[in-house]
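# Inside the fold
The lines below spell out each chain.
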Amino acid sequence: MSRLLERSATLPPPIARQAPETPLALTHVTAHPRLRRSRWPARLDLLQSASGLFLALFLVAHMFFVSSILISQDAFYTVARFFEGAYFLATPQPWIVSCVVGGVLAVFVLHAWLALRKFPASFRQYQAFAEHRARLRHDDTGLWWLQLWTGFALFFLASIHLYGMLVHPELIGPYESADRVWTGSMWPLYLLLLFAAEIHGGIGLYRLALKWGWLPGGNPDAARRRLRRLKTAFSLFFIGLGLVSLLAYVRLGIAHAERAGERYAPSGDGTPATLAEGAAVTPVVVPSRRGG
Amino acid sequence: MSTDTPRQLTLRILRSSPGEGIAPHWQDFRVDEAEGMTLFIALNEIRDTLDPSLQFDFVCRAGICGSCGMLIDGRPGLACRSLTRDFGPLITLAPLPVFALIGDLSVDTGSWMRGTAERLETWIHSQAEPDLTAVEARMEPELAEAIYELDRCIECGCCVAGCGTLRMREDFVGAVGLNKIARFRLDPRDERSDEDYYELIGDDSGVFGCMSLLGCHDVCPKGLPLQTQIAFLRRRMVAVGLK
């Protein structure tokens, strides 16, 4: 059809009344009143991507904040107080953290609700996709399955963590967090959450690029291969960073287990005040923490 | 092949004949591999020498007609474009899913494709009264090439069979339908606007249902740029949705 079109632009006009070699399918359109299709599917699709992008970027920032424990306990203490507005207001205001967490939780719930549209809605659909995936052995189809299950796990794991931070924003600090991880027995949840979030986020960012056609370079297939490598590197880097950070909290939590509940007081030189030789800091004892 | 003794291939074929009440079952056929042998040649050899009742479709034998699409070791592909040397000694063949089964490896892609074409109105829409004797309007060669690139679709059904979304949601238009919309959207003779196209694919059975698994892109035997076309349509349809 198109070859004929190309020729028609260069060849002399055909003999009058000669029918074209390949008649085009044409329709003479008459105006029919038509119900306007809802615009919501477009908005929901965009919202799903936008909320996913926000959560992935938040995840990146969150991992860097949390891993500041690897620099020093004071560094993490500084980051935690910073988000409570301690450097702008007269005193730390943990409710600011609650507001941020509340916002993240709202976006998280929105994203989960939007993502549900893509979940298998019946056993028949579940079975059809599972069989398809097993038979096709296709990388990106398999990645979606992984994204689905990690997303499902996040419904529970991330909700528990976010709720804890929402209601106890003041309990973010070197001792407070370490006690929560170890004495509060949260480390298994954090371990699962780390893998689920980083795998889900990495695949999600990769799929976002494909979905909206962000394929830098002249060759989309080569760009996709590069993005896939980037996606793997993303997940591995943040899982590694998270594991090392979690290990640091576990070690600190074990060391601090006997004084669990004691609040951290910065030494100014990175040495915990209560562990500094000869320091006499009156511990502020709070109830043992289990949430978040 | 460099070896003197040809490989003996086992083609494990999922056989069935709904019309005759024959339930699906696997049947093995053994053939000697020949130089440059395609699955199409192997299937013909089986039908000629082993079992004349074996059903499979073909017309062109050159990857143009799209008739011989089937699942080859689980992946959709064209039998005439698949060299046996690219596979192991045991090759499983099954009919394409989604489409109505005629028998053995033969499926009715035509009815499905026609239904999609009617649903998506994949023909030129013009307010002008068509004059079939008039010289067609000139078109820039680059544009004609771009249209032709998408027009290379042979409706073999491989993208349909490779689509995870379509396996779950049978009303999804699939890459073949979206590619056709992209093709007519390019065509200056088609007077439809993006708002018109939104009416056809602006929901979860259209472009917003696509989960970007890209099985379609990766199994397309014609190498059509499906991933970029679907992404482009998604951006255009979202733009309509935000107006």
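An account of the accompanying structure is given in this report. (Residues numbered from 1 in each chain as written. Chains lettered and ligands numbered in written order. Predicted model: local features only at pLDDT ≥ 70, side-chain atom pairs only at ≥ 80, totals over all residues. Heavy atoms only, no water.)

### Topic: the packing of aromatic side chains
For the structure shown, the criterion picks out 26 aromatic pairs over all chains. Among the aromatic residues, ring-to-ring pairing joins F119, F123, Y126, F129, W144, W145, W149, F152, F155 and F156 of chain A into one connected group. Just above the ring of F56 of chain B sits the side chain of R47 of chain B; from NZ or CZ to the centre is 4.0 Å. Here the basic side chain of R234 of chain B rests over the ring of W212 of chain A, its NZ or CZ set 5.8 Å away from the ring centre. (Phe/Tyr/Trp six-rings, centres within 6.5 Å; stacked < 30°, edge-to-face > 60°. Lys NZ or Arg CZ within 6 Å of the ring centre and 35° of its normal.)

### Structural notes on the interface of chain B and chain A
Listed as interface residues are 63 residues of chain B and, on the opposing side, 57 residues of chain A. The largest per-residue losses of area from chain B upon contact with chain A belong to M168, E199 and L213 of chain B, which jointly make up 12% of the total buried on that side. The interface formed by chain B and chain A includes 6 salt bridges. Ionic pairing is found between R124 of chain A and E170 of chain B, a salt bridge with its closest N-O pair at 3.6 Å. Our enumeration of links across chain B and chain A arrives at 24 residue pairs in polar contact (both at pLDDT 80 or more). Among the secondary structure elements, those contributing two or more residues to the side of chain B that touches chain A are β4 (75-78), β8 (124-126), α3 (141-151), α5 (164-168), α7 (194-201), α8 (215-219) and α9 (226-241) of chain B. Element by element, the count of residues in the side of chain B that touches chain A is highest for α9 of chain B, at 9 residues. (Contact = heavy atoms within 4.5 Å. Buried area = accessible area lost by both parts, 1.4 Å probe. Salt bridge = Lys/Arg side-chain N within 4 Å of Asp/Glu carboxyl O. Polar contact = N/O pair within 3.5 Å; in protein donor to acceptor, adjacent residues only side chain to side chain. Helix = DSSP H or I, 4+ residues; strand = E, 2+ residues; numbered from the N terminus.)

### Here we look at the nonpolar core
Across soluble globular proteins, nonpolar side chains have a tendency to be buried as a group. Within the largest apolar cluster, 43 residues are counted, with the highest numbers of intra-cluster contacts made by V160, L178, I201 and V207 of chain B. Not counting residues within four places of it along the chain, the set of residues in contact with I201 of chain B comprises L120, L178, I181, G206, V207, F208, L233 and M237 of chain B. Judged by nonpolar contacts, the second largest core, of 30 residues, contains L154, A158, V181 and A196 of chain A. (Core = buried A, V, L, I, M, F, W, Y, C linked by side-chain atoms within 4.5 Å. Buried < 20%, exposed > 50% of the residue type's maximum accessible area, 1.4 Å probe, protein only.)

### Observations concerning helix α3 (residues 73-83) of chain A
Residue and element names in this part refer to chain A. By the criterion of burial, α3 is predominantly enclosed, with 8 of the 11 residues buried. The elements touched by buried residues of α3 are α2 (40-66), α7 (174-181) and α9 (220-255). Note on α3: the residue one or two positions beyond its end, G85, has a positive phi of about 75 degrees.

### Brief notes about a nonpolar patch on the surface
Residues and elements named next belong to chain A. Residues F65, F82, F83, Y87, F88 and L89 make up a contiguous nonpolar surface patch of about 610 Å² in total accessible area. Within the secondary structure, F88 is located in the loop between α3 and α4 (94-115). The exposure class of F88 is exposed, given its relative accessible area of 61%. (Patch = residues over 30% accessible without salt bridge, like charges linked within 9 Å, V, L, I, M, F, W, Y side chains within 5 Å. Areas by Shrake-Rupley, 256 points an atom, 1.4 Å probe, with all protein chains shown as cover.)

### Quick look at the environment of A260 of chain A
All names here are of chain A. Position of A260 relative to the elements: it lies in the segment after α9. The exposure class assigned to A260 is partly exposed, which follows from its relative accessible area of 30%. A C-alpha to C-alpha distance of 5.8 Å links A260 and D179, two positions 81 residues apart in sequence.

### A look at the packing of helix α6 (residues 139-167) of chain A against helix α8 (residues 187-212) of chain A
Residue and element names in this part refer to chain A. Close contact between α6 and α8 brings their axes to 8 Å; oriented N to C, the two are set at 135 degrees. Compared by their axis directions, α6 and α8 come out oblique. In this structure, α6 crosses over α8, and the sense of that crossing is left-handed. In terms of residue class, the contact of α6 with α8 is made up of 18 nonpolar, 6 polar and 2 charged. (Axes fitted to C-alpha atoms, helices over the stretch in contact; angles between N-to-C directions. Parallel < 35°, antiparallel > 145°, perpendicular 65-115°, else oblique. Left-handed = near helix turned anticlockwise from the far one by under 90°. Nonpolar A, V, L, I, M, F, W, Y, C, P; charged D, E, K, R; others polar.)

### Observations regarding the sheet that holds strand β2 (residues 22-32) of chain B
Residue and element names in this part refer to chain B. If you trace the 5 strands from one edge of the open sheet to the other, you get β2-β1-β5-β3-β4, paired in mixed fashion. The sheet is open, and its two borders are formed by β2 and β4, each paired with just one other strand. Direction aside, the axes of adjacent strands within the sheet are offset by 30 degrees on average. Here strand β3 (residues 69-72) pairs with β4 via 4 bridges, running antiparallel. Directly across from L71, in β4, lies its bridge partner P76. Its contacts with the sheet place helix α1 (residues 39-49) against β1 (8-17), β2, β3 and β5 (90-94), and it is angled at close to 70 degrees to β1. (Pairing = 2+ DSSP bridges.)

### What about the pairing of β2 of chain B?
It is a general feature of regular strands that their side chains alternate between the two faces of the sheet. All names here are of chain B. Inspection of the sheet shows β1 paired to β2 by 9 bridges, in the antiparallel sense. Counterpart to L11 in the pairing with β2 is F29. If you look at the hairpin formed by β1 and β2, you'll find 4 residues sitting between the two strands, and G21 has a positive phi there, around 75 degrees.

By themselves these figures say nothing about function.
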